[in-house]
Amino acid sequence: MSGISAKRVRTRHFFEAKAAGTPISALTSYDALSASIFDEAGIDMLLVGDSAANVVLGRDTTLSITVDEMIVLAKAVTLAARRALVVVDLPFGSYEASPQQAVATSVRIMKETGAHAVKIEGGVERADTIRAIVDAGIPVCGHIGFTPQSEHALGGPVIQGRGSGADKLTRDARAVEAAGAFAVVLEMVPAQIAAKVTREISIATIGIGAGPDTDGQILVWQDAFGLNRGKTARFVRKYADLGTSLLDAARTYADDVSARSFPAAEESYE
């Protein structure tokens, strides 16, 4: 097992890992079975992402997923994870109105799921909100660069941090750090900018489409393991082809049922 050496991963281990140069592994998870497998594999952080709207619920964007839906998924992941730090996304519409709304949402998620932290999108403009959640005793992971909840405002899934955008990305990272977050996700930013930000802040950076020099990496598991058989982003490496395996297995099952070869005698009761 590689990554953080701990029986139960805590937020303090992210600071220790960064200091020691130990890469942090993270994957999304939305159910007990995947969480149990990833936990056993030694994944350090499991993110119950609002990406569930896409890969679990079949929607086009993350915007419609609700707090109630996130809580159902997060509860399953938390119950199954024995070692990994479980982080839950604050979905769109559950924190933007005020820091008070964000704290109320975060408290509800923590109480009803047993998760260990929440994640919130935004940099400078969310600093006060992050600080309020942290002051309420809830660990926060930030998320800057391309922020999917702001997809329409950003003009689509566009790489952030190029040119003059590099200064904004740095300001956002420093604001998230100063607000008390224990880590920050950097999504779809140039590798050299992500490396610079990683060097300049004291909290762990978790990259997704941010090059090899962040303190950790995260992928959506259905993309990384081939369950999503559609087009995936350039930054995704395909570690398995579960989609094809599942399709082949389902076809074989259907054929066996049609041929009445399943169930056989050994699969039947006398």
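Remember, predicted model here, so these are calculated numbers, not experimental data.

*Asks:* How should I be thinking about the domain arrangement of the chain in this particular structure?
*Replies:* Frequently, the measure chosen for interface size is the accessible area removed from exposure when the parts meet. Domain parsing of the chain yields domain 1 (11-239) and domain 2 (242-269). With centres defined by C-alpha atoms, the gap from domain 1 to domain 2 works out at 39 Å. On the domain 2 side, the residues contacting the 5 residues of domain 1 number 5 residues. Of the roughly 370 Å² buried between domain 1 and domain 2 on both sides combined, carbon and sulfur atoms contribute 64%. Ranking the residues of domain 1 by area buried against domain 2 places Phe-225, Leu-227 and Arg-229 at the top, with a combined share of 82%. There are 0 salt bridges connecting domain 1 and domain 2. Applying the counting rule to domain 1 against domain 2 returns 2 residue pairs in polar contact (both at pLDDT 80 or more). Taken together, the residues that form the side of domain 1 that touches domain 2 break down as 3 nonpolar, 1 polar and 1 charged.

*Asks:* I would appreciate a short explanation of the packing of helix H8 (residues 165-179) against helix H9 (residues 191-200) in the present structure.
*Replies:* Any two packed helices are characterised by how steeply their axes cross, that is the angle between the axes, and by the distance between the axes. Put simply, H8 and H9 touch, their axes get as near as 10 Å, and they point 30 degrees apart. In terms of their interaxial angle, H8 and H9 are classed as roughly parallel. Classified by chirality, the crossing of H9 by H8 is right-handed. Between H8 and H9, the residues in contact are Ala-166, Leu-169, Thr-170, Ala-173 and Arg-174 and Ile-193, Lys-196, Val-197 and Glu-200, respectively. Of the residues that constitute the contact of H8 with H9, the class distribution is 5 nonpolar, 1 polar and 3 charged.

*Asks:* Looking at this structure, I do not really get helix H1 (residues 11-20). What am I missing?
*Replies:* An α-helical turn contains 3.6 residues, so a residue and the one three or four places further along point in the same direction. Considered for burial, the residues of H1 that qualify are His-13, Phe-14, Ala-17 and Lys-18. Seen end-on, H1 carries its buried residues on one side only, within an arc spanning 140 degrees. H1 presents Ala-19 and Ala-20 as exposed residues on the side facing more than 90 degrees away from its buried surface. Buried-residue contacts for H1 involve strand S1 (24-28), strand S2 (45-48), strand S3 (85-89), strand S6 (183-187), H9 and strand S7 (204-208).

*Asks:* Is there a simple way to explain the nonpolar core in this structure?
*Replies:* Nonpolar side chains tend toward joint burial in soluble globular proteins. By size, the foremost hydrophobic cluster in this structure holds 58 residues, and its most contacted members are Leu-46, Val-48, Val-118, Ile-133 and Leu-186. Here this core takes 7 residues from helix H4 (residues 67-80), the largest share from any one element. Sequence-distant contacts of Val-118, defined by excluding residues within four places in its chain, comprise Val-87, Val-88, Leu-90, Ser-106, Ile-109, Met-110, Ile-133, Ile-138, Pro-139, Val-140 and Cys-141. Counting residues in each nonpolar core, the second largest holds 20 residues, with Val-9, Leu-85, Val-185 and Ala-204 among its members.

*Asks:* What exactly am I supposed to notice about the side chain of Lys-18 here?
*Replies:* Checked against the element boundaries, Lys-18 lands in helix H1. Using a relative accessible area of 16% as the deciding quantity, one classes Lys-18 as buried. A polar side-chain atom of Lys-18 sits 2.8 Å from the main-chain carbonyl oxygen of Thr-198. A distance of 2.7 Å separates a polar atom in the side chain of Lys-18 from a polar atom in the side chain of Asp-215. Setting aside chain neighbours within four positions, we find Lys-18 in contact with Thr-198, Ile-201, Ser-202, Ile-203, Ala-204 and Asp-215.

*Asks:* Would you mind going over the pattern of salt bridges with me for this structure?
*Replies:* If charged atoms from side chains of opposite charge come close, those side chains can pair. All told, the structure shown has 12 salt bridges when counted by the stated rule. A salt bridge links Asp-215 to Lys-18, with the shortest nitrogen-to-oxygen separation between them at 2.7 Å. Note that Asp-215 is positioned in the loop between S7 and strand S8 (216-219) and Lys-18 in helix H1, a separation of 197 residues in sequence. Each member of the pair Asp-215 and Lys-18 is classed as buried. The residue Asp-128 makes a salt bridge to Arg-131 at a minimum N-O spacing of 3.2 Å. Here Asp-128 pairs with Arg-131, and both are found in helix H6 (residues 127-135), just 3 residues apart, close to one helical turn. Given a relative accessible area of 54%, Asp-128 falls into the exposed group.

*Asks:* Looking at this structure, how should I read the UniProt feature "binding site: Mg(2+)" (unreviewed entry) in the chain?
*Replies:* Look at the UniProt record and you will see "binding site: Mg(2+)" (unreviewed entry) annotated at Asp-50, Asp-89 and Glu-121. The largest pairwise C-alpha distance within this set of annotated residues, which runs over 72 residues, is 11.0 Å, so the set is compact in three dimensions. Accessibility expressed as a relative area gives 5% for Asp-50, which makes it buried. Residues contacting Asp-50, with those up to four places away along its chain left out, are Thr-62, Ile-65, Met-70, Asp-89, Glu-121 and Gln-149. Checked against the element boundaries, Glu-121 lands in strand S4 (residues 117-121).

Rules used in this analysis
Residues numbered from 1 in each chain as written. Predicted model: local features only at pLDDT ≥ 70, side-chain atom pairs only at ≥ 80, totals over all residues. Heavy atoms only, no water. Domains from an automatic or database assignment. Contact = heavy atoms within 4.5 Å. Buried area = accessible area lost by both parts, 1.4 Å probe. Salt bridge = Lys/Arg side-chain N within 4 Å of Asp/Glu carboxyl O. Polar contact = N/O pair within 3.5 Å; in protein donor to acceptor, adjacent residues only side chain to side chain. Nonpolar A, V, L, I, M, F, W, Y, C, P; charged D, E, K, R; others polar. Axes fitted to C-alpha atoms, helices over the stretch in contact; angles between N-to-C directions. Helix = DSSP H or I, 4+ residues; strand = E, 2+ residues; numbered from the N terminus. Parallel < 35°, antiparallel > 145°, perpendicular 65-115°, else oblique. Left-handed = near helix turned anticlockwise from the far one by under 90°. Buried < 20%, exposed > 50% of the residue type's maximum accessible area, 1.4 Å probe, protein only. Arc of directions from axis to C-beta. Core = buried A, V, L, I, M, F, W, Y, C linked by side-chain atoms within 4.5 Å. UniProt positions renumbered as here; feature names shortened; annotations may be inferred.

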